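Survey of secondary and tertiary structure
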Amino acid sequence: MQGYDKSRLKRVLFVCTGNSCRSVMAEKYIQSLNLGLEALSCGISALEGLDLPPLTKRVLENYGIPVACHVIRQISSDMVSWADIIFVMERYQEQKVISLFKEASGKIHLLSEYAKEEDPEIPDPFGGSIEAYETCFLKIKRCIDKIEWD
């Protein structure tokens with residue numbers, strides 16, 4: 001990975017707004033790859049304890065990714081400290097996380113930008129159609145697949 005000692009990258013934190021779509025898709029997808037990484041997801045404005053939207057579950061299950069149980073989580077200092085690298089979906093999330101947790105500044109990146117995608121942000125599908133959720137998932141999948149994890 002760019003600028004990192006790959007042998008030390010073991011814990012990945014995915015952050016979005018509500019921890020109900022994008023960050024969960026990224027967490028569950030990377031866990032399904034069995035890369036030997038630990039992955040968590042959270043949101044900068046998450047309503048903790050809620051269940052996932054049905055469309056998030058449906059898209060993941062359509063791609064054979066189990067979503068047995070996921071509880072929506074708010075980002076915390078402990079999560080930021082735990083992570084070796086942090087991926088956000090939109091630039092404002094990067095700015096917000098750094099403003100809340102100064103220790104995040106050296107290890108936070110936009111997922112799409114890090115994967116060298118043309119469009120650096122991954123739009124939120126919340127409230128959209130099943131197609132919007134699937135498009136979002138496929139972009140996240142493409143980004144994760146482009147990163148050299150080992």
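The structure contained in this document is the topic of the report that follows. Predicted model only: the values in this text are computed from it and were never measured. (Residues numbered from 1 in each chain as written. Predicted model: local features only at pLDDT ≥ 70, side-chain atom pairs only at ≥ 80, totals over all residues. Heavy atoms only, no water.)

With that settled, consider the environment of Gln-93. Relative to the assigned elements, Gln-93 resides in helix α4 (residues 91–100). Taking the C-alpha atoms as reference points, Gln-93 and Gln-31, separated by 62 residues in sequence, lie 23 Å from one another. With residues up to four places along the chain from it excluded, the contact list for Gln-93 reads Val-15, Cys-16, Thr-17, Arg-22, Ile-44 and Val-88. At 3.0 Å, the side chain of Gln-93 forms a polar contact with the side chain of Thr-17. (Helix = DSSP H or I, 4+ residues; strand = E, 2+ residues; numbered from the N terminus. Contact = heavy atoms within 4.5 Å. Polar contact = N/O pair within 3.5 Å; in protein donor to acceptor, adjacent residues only side chain to side chain.)

In this section: the side chain of Asp-84. For Asp-84, the position within the fold is in the loop between α3 (77–82) and β3 (85–88). A polar contact of 2.8 Å, which involves the side chain of Asp-84, links it to the backbone nitrogen of Lys-10.

Glancing now at the sheet that holds β3. Strand order in the open sheet made by the four strands is β2-β1-β3-β4, with parallel pairing throughout. Each edge of the open sheet carries a strand with a single partner, namely β2 (38–43) and β4 (108–110). Strand after strand, the sheet turns through a mean of 25° between neighbouring axes, direction not considered. Contacts from α4 reach β1 (11–16), β3 and β4, with the element oriented near 170° to β4. (Pairing = 2+ DSSP bridges. Axes fitted to C-alpha atoms, helices over the stretch in contact; angles between N-to-C directions.)

Moving on, we come to the pattern of salt bridges. Where side chains of opposite charge bring their charged atoms close, a pairing between them can arise. Per the counting criterion, the structure on display carries 11 salt bridges. Here Arg-11 and Asp-84 are joined by a salt bridge, their closest N and O atoms 3.3 Å apart. Here Arg-11, found in strand β1, pairs with Asp-84, found in the loop between α3 and β3; they are 73 residues apart in sequence, far enough to count as distant. Across the pair Arg-91 and Glu-113 runs a salt bridge whose closest N-O atoms are separated by 2.8 Å. Linking Arg-91 in helix α4 with Glu-113 in helix α5 (residues 111–114), this pair joins segments that are 22 residues apart in sequence. Accessibility expressed as a relative area gives 31% for Arg-91, which makes it partly exposed. Of the residues examined, Glu-113 reaches a relative accessible area of 40% and is grouped as partly exposed. One connected set of salt bridges, linked through shared partners, spans Arg-22, Glu-90 and Asp-124. (Salt bridge = Lys/Arg side-chain N within 4 Å of Asp/Glu carboxyl O. Buried < 20%, exposed > 50% of the residue type's maximum accessible area, 1.4 Å probe, protein only.)

Our next topic: the pairing of β1. Among the six residues of β1, five are classified as buried, and the element is accordingly described as predominantly covered. As paired strands, β1 and β2 are joined by six bridges and run parallel to one another. Bridge pairing in β2 links Val-15 to Cys-42. On the question of chirality, the crossover connecting β1 to the parallel β2 by way of helix α1 (residues 22–32) is right-handed. As defined by bridge partners, β1 adjoins β3 across four bridges and the pair is classed as parallel. When the sheet's bridge partners are listed, Val-15 is paired in β3 with Val-88. (Right-handed = clockwise from strand over helix to strand, strands pointing away.)

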